Amino acid sequence: MSNSTGSNNRVVVPEAKEAMNRFKMEVAEELGVPLTNGYNGNLTSYQNGSVGGYMVKKMIENQERQMASKSNMQ
């Protein structure tokens, strides 16, 4: 399912949007990527991709930790 802009990005949990934006800014700062709120067309695709990729990596690591701690409790 896609919208008129061709993007599949949609907010499934609206309350999470601000938290994800904060997370994105934190990751960008960690990586030294000068990400700003609003237009970021001055950044390279490598810079933007590194932020997104690192966000995914951190989310997976966090989920793995949660799963490991739950399995240790059983």
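Refer to the structure printed above.
Definitions and cut-offs
Residues numbered from 1 in each chain as written. Predicted model: local features only at pLDDT ≥ 70, side-chain atom pairs only at ≥ 80, totals over all residues. Heavy atoms only, no water. Core = buried A, V, L, I, M, F, W, Y, C linked by side-chain atoms within 4.5 Å. Buried < 20%, exposed > 50% of the residue type's maximum accessible area, 1.4 Å probe, protein only. Helix = DSSP H or I, 4+ residues; strand = E, 2+ residues; numbered from the N terminus. Contact = heavy atoms within 4.5 Å. Polar contact = N/O pair within 3.5 Å; in protein donor to acceptor, adjacent residues only side chain to side chain.

The biggest cluster of nonpolar side chains holds eight residues, and these are Phe-23, Val-27, Ala-28, Val-33, Leu-35, Leu-43, Val-51 and Met-55. Broken down by secondary-structure element, the contributors of at least two residues to this core are α1 (16-31) and α2 (45-73). When residues in this core are grouped by element, the largest group, three residues, is from α1. Each residue touching Leu-43, except ones within four places of it in the same chain, is listed here: Val-33, Pro-34, Leu-35 and Asn-48.

Relative to the elements of secondary structure, Asn-40 occurs in the loop between α1 and α2. A polar side-chain atom of Asn-40 sits 2.7 Å from the main-chain carbonyl oxygen of Thr-36. In contact with Asn-40, other than residues within four places in its own chain, are Pro-34, Leu-35 and Asn-48.

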